[in-house]
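# Fold and contact review
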Amino acid sequence: MAELSCEGRTTRDINAEIRRLVAAGEAVTVRSPGARHNLAVALLERGEVVFEGSVGYYCAGLMDGAAVRVRGSAGWGLAESMLSGEVVVEGSAGNSAGAAIRGGTVVVLGDSGARTGVSMKNGVILVTGSCGYMSGFMGQGGKLIVCGDAAEALGDSMYETVCFVGGRIADLGNDAVVVESTDEDKEFLDAALARYVPSSLRANLPDGGGFRKVVAGRKLWNFDKAEWRTWEEAL
């Protein structure tokens, strides 16, 4: 296990050192991150990076294959555009966590801000707390799991992303509908919770059968001039 301190170093230097250590096969512990922005971006190899403290905006963005853990909270854009890998935040995350991810898993063991999973293409986002407004907005694939409450406009203008909510849904977004969960959905949720959520948190969370499933109603998938009022209401 290699250790790296952020004190007295630029973000560019920190990221270069993280990449060098990961390429050498080292697991890396990063100390004193000080909520800096853009840490651990563009990690394109498998490896393990642990931040001992909170990080700023866009941590672990543009990543492909690494496992990143934040022993604190994270700012905006956590894991933005991740291709594959795993990002776990032990605190809360700011707006747009998991934005545009194409694969991998993002876990927030607290609350997440507005637009969680915005434009996600694939992968899994799991939030053990609640999420902010317009989460799942324009989601094109993958699964968003929120164990707590979901704020306004959940799933607005989604395509094939599936949202699961264990708490209260303040308001569904345009063309989002609640449907019946399948046995396969419940098994998937139980497996995800068992894998990523510590047992100390599980007791306060619903099991796989306690989530509501939200999908696209498909009315906005294709424009039909005969239904132009549907589109007008969505704008």
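In this report, the structure presented in the accompanying data block is examined. (Residues numbered from 1 in each chain as written. Predicted model: local features only at pLDDT ≥ 70, side-chain atom pairs only at ≥ 80, totals over all residues. Heavy atoms only, no water.)

## As for the overall build of the protein
The number of helices and strands found in the protein is four helices and 11 strands. The C-alpha radius of gyration computed for the protein amounts to 18 Å, which stays within 12% of the reference 18 Å derived for 235 residues, consistent with globular compactness. Overall, the protein is about 60 × 40 × 25 Å in size when its C-alpha atoms are taken along their principal axes. In the protein, which comprises 235 residues, the share counted as buried stands at 50%. If you take every contact in the protein between residues at least 6 apart in sequence, the share linking residues at least 24 apart comes to 25%. About 10,800 Å² of surface is accessible on the protein, with carbon and sulfur atoms providing 47% of the total. (Helix = DSSP H or I, 4+ residues; strand = E, 2+ residues; numbered from the N terminus. Rg over C-alpha atoms; globule rule 2.2 N^0.38 Å. Buried < 20%, exposed > 50% of the residue type's maximum accessible area, 1.4 Å probe, protein only. Contact = heavy atoms within 4.5 Å. Areas by Shrake-Rupley, 256 points an atom, 1.4 Å probe, with all protein chains shown as cover.)

## Observations concerning the sheet that holds strand β7 (residues 124-127)
Strand order in this open sheet of 11 strands is β1-β2-β3-β4-β5-β6-β7-β8-β9-β11-β10, and the pairing throughout is mixed. Since the sheet does not close on itself, it has two edges, and those belong to β1 (2-5) and β10 (176-179), each with one partner. Sheet twist, expressed as the mean angle between neighbouring strand axes with direction ignored, is 15°. Relative to strand β5 (residues 84-89), strand β4 (residues 64-70) runs parallel, the two being bridged by five bridges. In the sheet register, R69 faces β5, and the bridge partner there is V88. Along the sheet, helix α1 (residues 11-23) makes contact with β1, β2 (28-31) and β3 (48-52), crossing β1 at roughly 175°. (Pairing = 2+ DSSP bridges. Axes fitted to C-alpha atoms, helices over the stretch in contact; angles between N-to-C directions.)

## Regarding the nonpolar core
Counting 47 residues, the largest nonpolar core has I18, V49, F51 and L78 as its most contacted members. With four residues, the top contributor of residues to this core is α1. Sequence-distant contacts of F51, defined by excluding residues within four places in its chain, comprise I18, V30, P33, L39, A40, C59, V68, R69, V70 and R71. Counting residues in hydrophobic clusters, the runner-up holds 17 residues, among them L126, I145, V162 and V215. (Core = buried A, V, L, I, M, F, W, Y, C linked by side-chain atoms within 4.5 Å.)

## Topic: the side chain of T105
Here T105 is to be found in strand β6 (residues 105-108). For T105, a relative accessible area of 11% translates into the label buried. For T105, the side chain forms a polar contact with the side chain of Y196, separated by 3.5 Å. Dropping the residues within four chain positions of it, T105 is found in contact with M82, G85, E86, V87, V124 and Y196. (Polar contact = N/O pair within 3.5 Å; in protein donor to acceptor, adjacent residues only side chain to side chain.)

## Focus: unusual backbone geometry
The residue S81 is not glycine, and still its phi comes out positive at about 65°. Unlike most non-glycine residues, M134 shows phi in positive territory, near 55°. Topologically, M134 is positioned in the loop between β7 and β8 (143-146). M134 sits in the buried class, given a relative accessible area of 19%.

## Regarding the pattern of salt bridges
Pairing is possible between side chains of opposite charge, provided their charged atoms come close. Taken as a whole and assessed by the stated rule, the structure comprises six salt bridges. Here E52 ties to R71 by a salt bridge, and the two come within 3.3 Å at their closest N and O atoms. Placement of E52 in strand β3 and of R71 in the loop between β4 and β5 is noted, with a sequence separation of 19 residues between them. One connected set of salt bridges, linked through shared partners, spans E52, R69, R71 and E90. (Salt bridge = Lys/Arg side-chain N within 4 Å of Asp/Glu carboxyl O.)

Fair warning: the whole summary comes from geometry, so function is off the table for now.
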